[in-house]
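# Remarks on the overall topology
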Amino acid sequence: MQLVGISASLVVGTLVVVVLWALRRRLRARERDLERKAQELAVSRAAEQRLTEELLDARRAEEEARRAKAEAEAASQAKSAFLANMSHELRTPLNSILGFAQLMERDVSLGDRHRENLAVICKSGEHLLGLVNDILEMAKIEAGRMTLAEAEFDLHEMLSGLSEMFAVEAQKRGLTLTVEREPDVPQLVHGDEGKLRQVLINLLGNALKFTPRGSVTLRAWARRATGVREGGAHDVATGGRARVSFEVTDTGRGMAEEELAELFEAFAQTASGRRSGEGTGLGLHISRRIVRMMGGDMHVESQLGRGTTLRFDVRLTLPDAGGARLSAAPRSRRVVGLAPGQPRYRVLVVDDRWDVRHCLLKLLDSVGVEVRSATNGLGAVAQWETWSPHLVLLDLRMPLLDGYEAASRIKSSPRGRETVVVAMTASAFEQNRSLAAEAGCDDFVSKPFRDADIFNLLTKHLGARFEHEDRPAASSSKARAPAARSVDLARAAAELPPSLRKDLRRAATRLDAKAVQAAIEQFRPEDAELAGAVAELARGYRFDSILALSSADEEEPS
């Protein structure tokens, strides 16, 4: 029994030990589980803390981005407002310069030398306007607000005008400027004439600037999408589209290969440009953007010390023949007065600047239009109520009452809705046009404007008909005769003595107007008509045409 009791006690003790060991293992397992959960909780809390911090960072970043966006928008608006104000301040005096120059050109008593001086003033003013437009176009590109203003225009006239615009600069630099137009280039086209001219002016200006000696050549050719006649000429009467290509080549300094990659970047300048200290580095960047908007692209080829060629193409629409003739005719001749049998048109000019009012008053009065003026919107409304003008030329920025409110007041009555209100502004951006339309304006004209712009408004809105002078306007760059007339002159020049042709050719090559005039006087007694034609070419700096005449016999095949 004693042995049995000892065994039972041993068994019980063993069982107790086993139970305790099992309990201890379970306890340790529980402790490890608790430790693991504590670690997981710590990790979770750390992750939660990191997530909280990330959320706070994201909120801070979002707030900073929102604040930065607001600051950027405010800066953009401030820049746009600054550029618009600068545009107004620059364009307004340019409007007076170009406007009064055009008024002086209308003076029939003006001598040829004064007309030449006025032509230089006009061309320089146009060039300055182009520089202003370069900066403003860059702002429009950045804001995504550059658009095409397409209309019908004479491409041949534009190219000839560019030739004469840069003839003085080429002569001053001792360079030969040549404009070559292939026969397949259409004359009347539909597109954005202003922007195309802007691109060509930029390329020609750069070529002349960076060419110390030699020549600058502008070439134009075209290919027709549909309706091409045999031989490649355009059948304008069928309408359609044409791709017109332009190429400006110079014999200047050229560019290194590494410079070509950055040529079209904004504010990028070549080594020649940096040495010259001229320009902003925007011209080519803007030009290529314009060309791409017009459905083409621009490319460059250059060799250091050998010269540069810039080539681009644009898509233009060909109008029908009847409409082309009608729209082109008035542009070639200067208006001298109202045609007989028309009412006495009344025009009210409203502008706070005396020079703008005076220029328009003299221009309209010179052609027989009855005209009055006002200095602000309140005066415009008062004059409209008492005088009932047919058309109001209304400046948008004026003291006391601006043009928007004045237009709105005039157009708010049935009688006012019959009055044509044309907004005038020297501001840069197109939103002024939409704001003017919302105020009730019927049309919009930008400063500086040309006399033809004002007369076209009267024709468009009032049906006014004008008489034009028989000869082309001196300022319209049209000292060029029809093809048959050119042939007659070439034949007459070919009959001159070889010594006279040589003198004329040498003078034209040197761009020496006095020497050309001396050569003219030698054959004037024998051929006054030829002498007059060559003298007119000399006055227009058309030395390329004089050179062609004096070399006519040498160019014929033997």
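Here we summarise the structure given alongside this text.

Here is what the cut-offs are and how they apply
- Residues numbered from 1 in each chain as written.
- Predicted model: local features only at pLDDT ≥ 70, side-chain atom pairs only at ≥ 80, totals over all residues.
- Heavy atoms only, no water.
- Helix = DSSP H or I, 4+ residues; strand = E, 2+ residues; numbered from the N terminus.
- Polar contact = N/O pair within 3.5 Å; in protein donor to acceptor, adjacent residues only side chain to side chain.
- Buried < 20%, exposed > 50% of the residue type's maximum accessible area, 1.4 Å probe, protein only.
- Contact = heavy atoms within 4.5 Å.
- Patch = residues over 30% accessible without salt bridge, like charges linked within 9 Å, V, L, I, M, F, W, Y side chains within 5 Å.
- Areas by Shrake-Rupley, 256 points an atom, 1.4 Å probe, with all protein chains shown as cover.
- Salt bridge = Lys/Arg side-chain N within 4 Å of Asp/Glu carboxyl O.
- Lys, Arg positive; Asp, Glu negative; His and termini not counted.
- Charge placed at Lys NZ, Arg CZ, Asp CG, Glu CD.
- Phe/Tyr/Trp six-rings, centres within 6.5 Å; stacked < 30°, edge-to-face > 60°.
- Pairing = 2+ DSSP bridges.
- Axes fitted to C-alpha atoms, helices over the stretch in contact; angles between N-to-C directions.
- Parallel < 35°, antiparallel > 145°, perpendicular 65-115°, else oblique.
- Left-handed = near helix turned anticlockwise from the far one by under 90°.
- Nonpolar A, V, L, I, M, F, W, Y, C, P; charged D, E, K, R; others polar.
- Core = buried A, V, L, I, M, F, W, Y, C linked by side-chain atoms within 4.5 Å.

### Focus on the side chain of Glu193
- Checked against the element boundaries, Glu193 lands in helix α4 (residues 193-209).
- At 2.8 Å, the side chain of Glu193 and the side chain of Arg197 are in polar contact.

### So, the environment of Ala220
- Structurally, Ala220 can be placed in strand β4 (residues 215-224).
- Judged by relative accessible area, Ala220 falls into the buried class, the value being 2%.
- Taking the C-alpha atoms as reference points, Ala220 and Phe246, 26 residues apart in sequence, are found 4.6 Å from one another.
- Beyond its immediate stretch of four places on either side in the chain, Ala220 contacts Leu159, Glu180, Arg181, Glu182, Val185, Ser245 and Phe246.

### Thoughts on a positive patch on the surface
- Together, Arg24, Arg25, Arg28 and Arg32 give the surface a local cluster of positive charge.
- Summarising the element assignment, Arg28 is placed in helix α1 (residues 2-105).

### Digging into the packing of aromatic side chains
- The full count for this structure, using the stated rule, is 2 aromatic pairs.
- With 5.2 Å between their ring centres and 25° between their planes, Phe246 and Phe312 make a pair best called stacked. One end of the pair, Phe246, is in strand β5 (residues 240-250); the other, Phe312, is in strand β7 (residues 307-318), and 66 residues separate them in sequence.
- Phe246 gets classed as buried once you look at its relative accessible area, which sits at 0%.
- Note on Phe455 and Phe466: the rings are 5.2 Å apart at their centroids and 55° apart in plane angle, and the pair reads as tilted. Here Phe466 lies in strand β14 (residues 466-472) and Phe455 lies in helix α14 (residues 451-462), a separation of 11 residues in the sequence. Assigned by exposure class, Phe455 and Phe466 land together as buried.

### Concerning the environment of Ser388
- Positionally, Ser388 belongs in the loop between α10 (377-387) and β11 (391-395).
- Given the relative accessible area of 27%, Ser388 is considered partly exposed.
- Sequence separation between Ser388 and Arg415 is 27 residues, and the spatial gap between their C-alpha atoms is 8.8 Å.
- Ignoring any residue separated from it by four or fewer positions in sequence, one finds Ser388 in contact with Arg346, Gln383 and Arg415.
- Reaching out from Ser388, the side chain makes a polar contact with the side chain of Arg415 at a distance of 2.9 Å.

### Things to note about the sheet that holds strand β13 (residues 443-446)
- Sheet architecture is open: 5 strands sit in the order β10-β9-β11-β12-β13, paired in parallel fashion. Pairing within the sheet leaves two strands with one partner each, and these edge strands are β10 (370-374) and β13. Adjacent strand axes in the sheet meet at a mean angle of 20°, parallel and antiparallel pairs treated alike.
- Pairing of β11 with strand β12 (residues 420-425) involves 5 bridges; the strand directions are parallel. Directly across from Leu391, in β12, lies its bridge partner Val420.
- Each of β9 (346-350), β10, β11 and β12 is contacted by helix α9 (residues 354-366), which is oriented at about 170° to β10, the strand it contacts most.
- Against the sheet, helix α11 (residues 403-411) makes contact with β11 and β12, and its axis sits at roughly 155° relative to β11, the strand it touches most.

### Focus: the packing of helix α16 (residues 498-509) against helix α17 (residues 513-523)
- Running from amino to carboxyl end, α16 crosses α17 at an angle of 160°, the nearest separation of the two axes being 8 Å. Judged by the angle between their axes, α16 and α17 are roughly antiparallel. Helix-helix and strand crossings are classified by hand; for α16 and α17 the assignment is left-handed. Of the residues in α17, those touching α16 at Leu500, Asp503, Leu504, Ala507 and Ala508 are Ala515, Val516, Ala519, Gln522 and Phe523.
- A breakdown of the residues in the contact of α16 with α17 according to their chemical character gives 8 nonpolar, 1 polar and 1 charged.

### A closer look at the nonpolar core
- Among the nonpolar cores identified, the biggest contains 43 residues, and Leu155, Leu196, Leu200, Phe246 and Phe312 are the most heavily contacted of them.
- When contributions to this core are tallied by element, the ones reaching two or more residues are α3 (155-173), α4, β4, β5, α7 (283-293), β6 (298-303) and β7.
- Element by element, the count of residues in this core is highest for α4, at 8 residues.
- Residues in contact with Phe312, not counting those within four places in the same chain, are Leu196, Val199, Leu200, Leu203, Val244, Ser245, Phe246, Val291, Asp297 and Met298.

### Section: the pattern of salt bridges
- Inspection of the entire model under this criterion finds 18 salt bridges.
- With a shortest N-O distance of 3.0 Å, Glu62 and Arg66 are connected by a salt bridge. Residue Glu62 and its partner Arg66 are both found in helix α1; the two are separated by 4 residues, about one turn of the helix.
- Note on Glu62: relative accessible area 47%, which makes it partly exposed.
- Between Asp503 and Arg506 there is a salt bridge, with its nearest N and O atoms 3.3 Å apart. Of the two residues, Asp503 and Arg506 are both situated in helix α16; the distance of 3 residues between them amounts to about one turn of the helix.
- Exposure remark for Arg506: the relative accessible area of 39% places this residue in the partly exposed category.
- Each of Glu180, Arg219, Glu247, Glu301 and Arg311 takes part in one network of salt bridges that share partners.

### Structural notes on unusual backbone geometry
- Located in the positive-phi region is Ser388, a residue other than glycine, with phi close to 55°.
- The phi dihedral of Leu400 falls on the positive side, at around 65°, and the residue is not glycine.
- As for its placement among the helices and strands, Leu400 is situated in the loop between β11 and α11.

### Thoughts on the packing of α4 against α7
- Axis separation between α4 and α7 bottoms out at 10 Å; the angle between their running directions is 145°. Viewed along their axes, α4 and α7 form a crossing whose handedness is left-handed. The segment α4 lies against α7, with Lys195, Gln198, Val199, Asn202, Leu203 and Asn206 engaging Gly283, Leu284, Ile286, Ser287, Ile290 and Val291.
- Residue composition of the contact of α4 with α7, by class: 6 nonpolar, 5 polar and 1 charged.

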